[in-house]
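Chains, contacts and geometry: an overview
These are the residues of each chain, in order.
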Amino acid sequence: MNPRQPPGIRPRLVAAGLGTERHRQPFPHSQENAMANPFPHAQSASPISGPPSALEYASDRIFRAIALSAASVIIILTAYILWEVAGKAMPAIGDYGLGFITGTEWDVNKGTFGVLPEIWGTLYSSLLALLLGGVFGIAIAIFLTQDFINHRLATIFRTLIEMLAAIPSVVFGLWGIYVLIPLLKPGAEWLHDEFGWIPLFGSDLSGPGMAPAALVLAIMILPTVAAISVDALRRIPYKVKEAAYGMGTTRWEAILKVMLPTASSGLLAALVLGFGRALGETMALAMLIGNANQISLSLFSPANTLASLLASNFPEAGQVEVHALMYAAMVLLAITFLVNVLGLGIQQYTLRKFEGKK
Amino acid sequence: MNATAEALFVAEPFQASGDVVIDCKVDKIFYGDFLAVRDSIVPIEKHKITGFIGPSGCGKSTVLRSLNRMNDLIQVFRFEGNVMYHGQDIYAKKVDPVVVRRYIGMVFQQPNPFSMSIYDNVAFGLRLNRFKGDVEERVEKALRSAALWNEVKDKLKNSGLSLSGGQQQRLCIARAIATEPDVLLMDEPCSALDPIATRQVEELMLELKEHYTLAMVTHNMQQATRVADTTAFFSVDISQGGRTGYLVEMGPTRQIFEDPREQLTKEYISGEFS
């Protein structure tokens, strides 16, 4: 026993269940340790401090290996999917080239394939959804975080909104068909009659169309946008709020001039994720958008999106059409990729500009 | 009732020699059911620096923040008493706290610039008040007054958050004085700063008192002796079961530190308790 060890420490260690084999000897594992203890003489004060055991070192390495393999699986999987899709799309890419992207006709019998209407429909419906869902999502986030209602009520509200995300998209589709479209019809008719000269209302809503699809899409991305925006606004330190009110701002001035700019990078992330979700959404759109191969500004015309084209045409597609569909899938992938890169770029820019981060 | 009233210590009111800008009479300040501060009369004199000192939890920050209704941000906060500012009680029903804060500015313990450019930070209050004149000139003036101009004049477009801690605090002071408020409250403005930045802020305060009235909370007694003209010493009373802060003594700084009337003040000044 070390002579400098305080006499009282032994009974206390035993009482705490620490007076076991390992603690009785200063460094019981120093023999089998992978890393030798570089301070074998530093035991004078008490035997409590010591190097991690071999087991602890091993579990450290095992954990690192698990984390690394989990990360690589994702990368490998993504690369594999890309490779497969690209491989299947190759014949179509060779056959149709860039004309595929500018073409407006999809006719299996004639063998002409073009996805411009679908690209238009995808972007148009997603932008409309982003506009609606983004405005409402951020408004909800402001409402829930800026002391409009008490904290418990806000938590309940937030849970309700997140439950929207749990509704299967086919249910949204059915709701759109049986509730939303009949509900929109009278209003759409009136708008078309009175303001038909505005391109947005240039046609009548005869059933499925852009408006119901975009509305449902907006509701579907709302939970994503709201939840991430709430987190972004909650992350603002209290001292920023104090600074704003300390300058003599009213509540709206504080929110518009200080809180929103401060949270801007997080809010942008919310919008980009929401937009990404809207681009890829398939089932509800396939049910609601009308699957019509046309480009129209009108909110009430049927249209089509890339994802819903894939979903509706795959089941009965022959060899040639499958290749074309795979090409369309590549186009969709490229669009989502571009949107994400663009979003990330804007986010980096705001981080640099507003928060001075390099 | 009378027995407790007699038992409670109440400081003698400080007779200010000059003009009093804010005459603060606290009866009771509550956070919910918790009595945070009681019976403190703190007049803030014009063109002087009033320092608030005292141990942790003595309510000095609470009293300071009551002077521009910053505590109203806390929902359970309740103020009993009155704070007379130019003949008007700022806690009167018809007074909007937003207006109070436009005349009585504040600098906080932690530097808290907005996440926008240095220029926009300083111009914030000017734009808020729909200032019609030359914003650029005012921004420069405020930054010069805050002794920051030379360091930032070439990077006004950079984010305020890219500055060092001491620079950020001086930026916050520039932001507060850009609109030339009547009174500037400072809640431990140097506690997050290193000695060099602290010294710069202190020198700045001495210059600012030519044009402004200042009140400052500090944990650092040397700082109080260096900058404060008048010092208010608060202590915390645990005899009533809670932890209630109250004013022990207020007077010219020299008198408080060299010849305190109260035994409690003497003990605190000499470091016998904190």
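Residues numbered from 1 in each chain as written. Chains lettered and ligands numbered in written order. Predicted model: local features only at pLDDT ≥ 70, side-chain atom pairs only at ≥ 80, totals over all residues. Heavy atoms only, no water.

The name given to chain B in an unreviewed UniProt entry is Phosphate ABC transporter, ATPase subunit, and the organism recorded there is Thiorhodococcus drewsii AZ1.

Under an unreviewed UniProt entry, the name given to chain A is Phosphate transport system permease protein, and the source organism is Thiorhodococcus drewsii AZ1. The Sequence similarities (unreviewed entry) field of the UniProt record for chain A holds the comment "Belongs to the binding-protein-dependent transport system permease family. CysTW subfamily." What UniProt records for chain A under Function (unreviewed entry) is the sentence "Part of the binding-protein-dependent transport system for phosphate; probably responsible for the translocation of the substrate across the membrane." (UniProt positions renumbered as here; feature names shortened; annotations may be inferred.)

Attention now goes to empty space enclosed by the protein. Inspection of the entire model under this criterion finds one cavity of 30 Å³ or more. In this structure, the largest cavity occupies an estimated 60 Å³ of space. In this structure, the largest cavity is lined by G246 and M247 of chain A together with R101, R102, G105, G125, N129, A176, T179 and P181 of chain B. By residue class, the composition of the lining of the largest cavity is three nonpolar, five polar and two charged. (1 Å grid on protein atoms, 1.4 Å probe; cavity = no way out; pocket = protein on both sides within 12 Å on 5 of 7 lines; lining within 4 Å. Points joined across faces, edges and corners; volume = space filled by probe spheres on them. Nonpolar A, V, L, I, M, F, W, Y, C, P; charged D, E, K, R; others polar.)

Okay, the sheet that holds strand 9 (residues 230-237) of chain B next. Residues and elements named next belong to chain B. Strand order in the open sheet formed by 10 strands is 5-4-1-2-10-9-3-8-7-6, with mixed pairing between adjacent strands. A single partner strand is all that each edge strand has here, and the edge strands are strand 5 (88-89) and strand 6 (104-107). As paired strands, strand 6 and strand 7 (residues 183-187) are joined by four bridges and run parallel to one another. In the sheet register, V107 faces strand 7, and the bridge partner there is M186. (Pairing = 2+ DSSP bridges. Helix = DSSP H or I, 4+ residues; strand = E, 2+ residues; numbered from the N terminus.)

Here we take up the interface of chain B and chain A. At the interface, 23 residues of chain B touch 23 residues of chain A. Summed over both sides, the interface of chain B with chain A buries roughly 2,100 Å², with 61% coming from carbon and sulfur. When the buried surface of chain B facing chain A is broken down by residue, L73, S115 and L128 of chain B rank first, second and third, together holding 26% of it. Counting across the interface, chain B meets chain A through two salt bridges. A salt bridge links E242 of chain A to R65 of chain B, with the shortest nitrogen-to-oxygen separation between them at 2.7 Å. Summed over the shared surface of chain B and chain A, the result is six residue pairs in polar contact (both at pLDDT 80 or more). Its residues assigned to classes, the side of chain B that touches chain A comprises 12 nonpolar, seven polar and four charged. (Contact = heavy atoms within 4.5 Å. Buried area = accessible area lost by both parts, 1.4 Å probe. Salt bridge = Lys/Arg side-chain N within 4 Å of Asp/Glu carboxyl O. Polar contact = N/O pair within 3.5 Å; in protein donor to acceptor, adjacent residues only side chain to side chain.)

Take the UniProt feature "domain: ABC transmembrane type-1" (unreviewed entry) in chain A next. According to UniProt, the "domain: ABC transmembrane type-1" (unreviewed entry) feature falls on residues 119-343 of chain A. Taken end to end, residues 119-343 of chain A comprises 76% helix and 0% strand; its first and last C-alpha atoms sit 19 Å apart.

Attention now moves to the pattern of salt bridges. Going through the model one piece at a time under the given rule, you end up with 22 salt bridges over all chains. E151 of chain B serves as the salt-bridge partner of R170 of chain B, at 3.0 Å between the closest nitrogen and oxygen. Within this pair, whereas R170 of chain B is found in helix 7 (residues 165-177), its partner E151 of chain B is found in helix 6 (residues 149-152), the two being separated by 19 residues in sequence. For E151 of chain B, a relative accessible area of 35% corresponds to the partly exposed category. Salt bridges linked by common partners bring R158, E162 and D231 of chain A together as one network. (Buried < 20%, exposed > 50% of the residue type's maximum accessible area, 1.4 Å probe, protein only.)

Once that is clear, we can look at the confidence of the model for chain A. The predicted coordinates ought not to be read in detail in places where the model reports low pLDDT. Mean pLDDT for chain A: 85, with 88% of residues reaching 70 or above. Looking at the elements of chain A, mean pLDDT is at its lowest for helix 1 (residues 9-15) of chain A, recorded as 42, and at its highest for helix 5 (residues 116-145) of chain A, recorded as 94. (pLDDT = per-residue confidence, 0-100.)

What follows deals with the nonpolar core. One finds F100 of chain A together with I22, F52, L67 and F114 of chain B to be the most contacted residues of the largest nonpolar core, which totals 120 residues. With 14 residues, helix 8 (residues 210-234) of chain A is the single largest residue contributor to this core. A domain-level breakdown of this core finds at least three residues from each of domain 2 (55-96) and domain 3 (97-355) of chain A. Once residues within four sequence positions are removed from consideration, F100 of chain A is found in contact with W106, F113, G114, V115, L116, A324, Y327, A328 and V331 of chain A. Formed by 36 residues, the second largest nonpolar core is a distinct cluster that contains V107, V152, I177 and L208 of chain B. (Core = buried A, V, L, I, M, F, W, Y, C linked by side-chain atoms within 4.5 Å. Domains from an automatic or database assignment.)

Moving on to unusual backbone geometry. Residues and elements named next belong to chain B. Positive phi is not limited to glycine here, since R69 has a value of about 60°. Relative to the helices and strands, R69 is located in the loop between helix 2 (60-66) and strand 4 (77-85). Since its relative accessible area comes to 10%, R69 is described here as buried. If you check the backbone angles, E188 has positive phi at about 45° while not being a glycine. Tracing the sequence through the fold places E188 in the loop between strand 7 and helix 8 (195-208).

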